[in-house]
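Listed here are the chains, written in short residue letters.
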There are 2 protein chains.
Amino acid sequence: MSEKKIIVQKYGGTSVKNPERIKAVAERIKRYKDKGYSVVVVVSAMGKTTDELIVLAAELSKNPSKREMDMLLSTGEQVSIALLAIALHEIGVDAISYTGSQVRVLTDGNFSNAKIAGISTDRIHRSLAEGKVVIVAGFQGIDEDENIVTLGRGGSDTSAVALAAVLKTRDCEIYTDVDGVYTADPRVIKSPKKLKEISYDEMLELARLGAGVLHSRSVEFAKKFNIKLHVRSSFSDAEGTIVMPTEEMMEKFVISGITSKQDEAKITVRDIPDKPGIAAKLFNELGTQKIYVNMIVQSTGHDNRASISFTVKKDDLKRTIDICNTMNKDFGATAIEFKEDIAIVSAVGVGMQSSYGVAGKMFSILSEQNINIEMISTSEIGISCVIDAIYAELAAKVLHKTFIEAQ
Amino acid sequence: MSEKKIIVQKYGGTSVKNPERIKAVAERIKRYKDKGYSVVVVVSAMGKTTDELIVLAAELSKNPSKREMDMLLSTGEQVSIALLAIALHEIGVDAISYTGSQVRVLTDGNFSNAKIAGISTDRIHRSLAEGKVVIVAGFQGIDEDENIVTLGRGGSDTSAVALAAVLKTRDCEIYTDVDGVYTADPRVIKSPKKLKEISYDEMLELARLGAGVLHSRSVEFAKKFNIKLHVRSSFSDAEGTIVMPTEEMMEKFVISGITSKQDEAKITVRDIPDKPGIAAKLFNELGTQKIYVNMIVQSTGHDNRASISFTVKKDDLKRTIDICNTMNKDFGATAIEFKEDIAIVSAVGVGMQSSYGVAGKMFSILSEQNINIEMISTSEIGISCVIDAIYAELAAKVLHKTFIEAQ
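Residues numbered from 1 in each chain as written. Chains lettered and ligands numbered in written order. Predicted model: local features only at pLDDT ≥ 70, side-chain atom pairs only at ≥ 80, totals over all residues.

This part covers the nonpolar core. With 250 residues, the main nonpolar core has Leu-84 and Ile-135 of chain A together with Leu-84 and Ile-135 of chain B as its most contacted residues. Sequence-distant contacts of Ile-135 of chain B, that is, excluding residues within four places in its chain, are made with Val-41, Val-43, Ile-81, Leu-84, Ala-85, Ala-95, Ile-96, Ser-97 and Tyr-98 of chain B. (Core = buried A, V, L, I, M, F, W, Y, C linked by C-beta atoms within 7 Å. Buried ≥ 20, exposed ≤ 12 C-beta atoms within 10 Å, placed from the backbone. Contact = placed C-beta atoms within 7 Å.)

Quick look at the domain arrangement of chain A now. Assigned domains of chain A: these are domain 1 (6-177) and domain 2 (246-407). The C-alpha-based centres of domain 1 of chain A and domain 2 of chain A are spaced at 37 Å. (Domains from an automatic or database assignment.)

Moving on to the relation of the copies chain A and chain B. What relates the pair of chain copies is a rotation about an axis plus a shift along that axis. Take chain A, turn it by 179 degrees, move it 0.0 Å along the axis, and it overlays chain B with an RMSD of 0.2 Å. Taken together, the turn and the small shift mark the pair as related by a two-fold rotation axis. Closest approach to the rotation axis within chain A is made by the C-alpha atom of Thr-75 of chain A, at a distance of 2.6 Å. Both copies present the same face, since 100% of the interface residues in chain A are matched by interface residues at the equivalent positions in chain B. (Least-squares fit on C-alpha atoms with pLDDT ≥ 70 in both.)

So, on to the environment of Leu-106 of chain B. All names here are of chain B. Tracing the sequence through the fold places Leu-106 in strand E4 (residues 105-107). Classification of Leu-106 as buried rests on a count of 20 C-beta atoms within 10 Å. Separated by 269 residues in sequence, Leu-106 and Met-375 place their C-alpha atoms 43 Å apart. Sequence-distant contacts of Leu-106, that is, excluding residues within four places in its chain, are made with Ala-117, Gly-118, Gly-141 and Ile-142. (Helix = DSSP H or I, 4+ residues; strand = E, 2+ residues; numbered from the N terminus.)

Residues and elements named next belong to chain B. Mapping Arg-305 onto the fold places it in strand E16 (residues 305-313). The sequence separation of Arg-305 and Ile-272 amounts to 33 residues, and the corresponding C-alpha distance is 5.2 Å. Leave out the neighbours within four places in its chain, and Arg-305 touches Asp-271, Ile-272, Pro-273 and Asp-274.

A few words now on the interface of chain A and chain B. You'll often see interface size given as the accessible area lost when the parts meet. On the chain B side, the residues contacting the 29 residues of chain A number 29 residues. Elements supplying a minimum of two residues to the side of chain A that touches chain B: helix H1 (19-34), helix H2 (49-60) and helix H3 (66-90) of chain A. Sort the elements by how many residues they give to the side of chain A that touches chain B and H3 of chain A lands first, with 14 residues. By residue class, the composition of the side of chain A that touches chain B is 16 nonpolar, eight polar and five charged. (Nonpolar A, V, L, I, M, F, W, Y, C, P; charged D, E, K, R; others polar.)

With that settled, the discussion passes to the sheet that holds strand E14 (residues 264-273) of chain A. All names here are of chain A. As summarised here, the arrangement of the four strands in space is E15-E16-E14-E17, forming an open sheet in which the pairing is antiparallel. Both outer strands of the open sheet, strand E15 (293-300) and strand E17 (335-339), are each paired with one neighbouring strand and no more. On average, each strand axis in the sheet is inclined to that of its neighbour by 15 degrees, with strand direction left out of account. Here helix H8 (residues 278-288) sits on the sheet in contact with E14, E15 and strand E16 (305-313), set at roughly 165 degrees to E15. (Pairing = 2+ DSSP bridges. Axes fitted to C-alpha atoms, helices over the stretch in contact; angles between N-to-C directions.)

Time to look at the packing of helix H5 (residues 155-166) of chain A against helix H7 (residues 216-225) of chain A. Residue and element names in this part refer to chain A. Look at H5 against H7: their axes get within 8 Å of each other, and the N-to-C directions meet at 10 degrees. Between H5 and H7, the angle is such that the two are roughly parallel. Contact residues: H5 offers Asp-157, Thr-158, Val-161, Ala-162 and Ala-165, while H7 offers Arg-217, Ser-218, Phe-221, Ala-222 and Phe-225. The class makeup of the residues in the contact of H5 with H7 is six nonpolar, two polar and two charged. (Parallel < 35°, antiparallel > 145°, perpendicular 65-115°, else oblique.)

As a further point, take the sheet that holds strand E2 (residues 38-43) of chain A. Pairing between the strands of a sheet is mediated by backbone hydrogen bonds and can be parallel or antiparallel. Residues and elements named next belong to chain A. Spatial strand order, E3-E6-E2-E1-E9-E11-E12-E10: eight strands in an open sheet with mixed pairing. The strands lining the two open edges of the sheet, one partner per strand, are strand E3 (95-98) and strand E10 (197-199). Going from strand to strand, the sheet's axes swing by 20 degrees on average, the running direction of each strand aside. Sheet analysis places strand E9 (residues 171-176) next to strand E11 (residues 228-233), joined by six bridges and oriented parallel. By the bridge assignment, Tyr-175 is partnered in E11 with Arg-232. Lying over the sheet, H1 contacts strand E1 (6-11), E2 and strand E6 (133-137), oriented at roughly 155 degrees with respect to E2.

Encoded structure:
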């Protein structure tokens, strides 16, 4: 077993999109090697490779077998690992590439969306002990019959975190095309601040709000195994953002991020009898139909009747209305209403837990701008408000100004 | 284990070069399935995929690691098997794809040019018994440490023959972009005849003469395991040519093929002392330097001195001359001469063994055209003559006319 400190680095598709970028990645890895690290690298498929393979398959079938899609897509990462190994050899760095199968990234076998159950470290430790950089294909694993499976969206991040976990290191760098996590979307807020640190829970909340750089599963995995994820850019040497346990954070902002999300729609089921089980029935049925419900608010009305409002992805709106209408034969609601032009603006921050009045302040700020709040939902580290879509940008700007810039 | 008759089919790169061609291959497989066969399919990488991957690697290194090149190139076949499985599913044919690793195509581990040592048939038989078409990635295998290795040029043909051998079937179809083996190159002879049958040895001789549709190794393998190779086109339903044991052939032609080859050069080492060991030293050295020597002729001269003429690939000529010059310090030859504008015209035929005077007849035909023969070499089933390159086409035409068209 290697005596050196192990670091796991993951390079995304844009970081290895062409031979020039692959050479740059090799140079970066060399610097870590020269500093004395044992380096384990996870790479994604080059640039648009995965999309191109999906297009090829689509020309053959509208509904291709998941097993065969995994067989197909896993080649993208295999190309990257081989090329990166070749690039490292060229600059005098000993390196060896492994597929998911070769280091036995064992999964639950759920094609196209598998969960990692374990990774064999023998071969990795042996190669590290020989002074080699170990390059592992991300996004892929095998089931018990050695069928190739892929890990779903953000899968390579999860591969990297899982490797850090089994190799017992807390150091995991995620190289991507942004240089960290910001307090807001730079397309909305002119100069958002880059966060030095962010907690797992804040990162998960951001992912849920569609503003995350990382996919939830990799963050959950990192939280579970207490791994520090350094999100940074492969195009610069700037420090990025470290995703870490709350208790280790040097500075906890009350609000560390403002998001606004416009891909959801609101549905209101009006005046249903206020008795137990009706909401359960509705949301169970939506769950069964694989419709993801984000916010839910129930308000008591009059005559023992209540209204339930909730949001779903705009793509799922039509199906959701159909389900509501069908179920309403039993419910007896007076109306099924929907609104598509909404925005969900949210403030996320772990410091909210120890700070009073954040919600109140948020409502005041929006009200000062005459922005009507149609729904509110709160969690321990976030407050979300549904507002009219035309105010999405304005709301984000005033919230960012008050909570972040003035902080 | 399946009760049905097993057939192994191999489809080359042009046969699966795009989704349309893959669909056509799927339809063809379906017809065999409908006829009651258990079908095992080997596919190559799509069209120019392998070349494109080689170009990518070349941008990173002039001398990439063979292990990593095998890791890289094996993805080409993996893409093909997945897409073919998807295409088969789409037309209602149950099918499953396997990488070389998944069916344990165990090799000697010689990266980029491995030899197959064995294939595990359990999984293949199980899938066939389930009524599935089994699609295996050609050109690839693994070593004992599960490193991915490739089989070198013509590797997918060898994969197919090896599968036929371990599955104990003699039926192996090799689909390519030509519809069989012809008596001559159609670019030289206007209407060569397609052979219904050809023996392993003739096919090997044609491969050696650069005129083979199949690579030598797959033919040697087929000979060893007594497998009938049906070489045919995936673009038509025409019967192709069956490569088979001589003793099973219905019709044995004295001459079944005329070839002419212009990519070699002749070297003559003149007047070296006619004593044992000198030729051995020279050709051992050329072998060590990986220079392939095709024809060798030694002629005794005067004063106990002899001249040796031999041919090598034109690409190797410069290195060969350098080696000869260096070694000549010990030999004391009077001259090292070479000639680049030569052609090797050959007549190949298993019937030659039982037919007298073929060589004499060949020399007469060439002499009637005033074509000077500079070197002659004969084997049991072939006669080759080195002539001036300008007569290459003429020689092939007159030989084809006399030996084949008049036959």
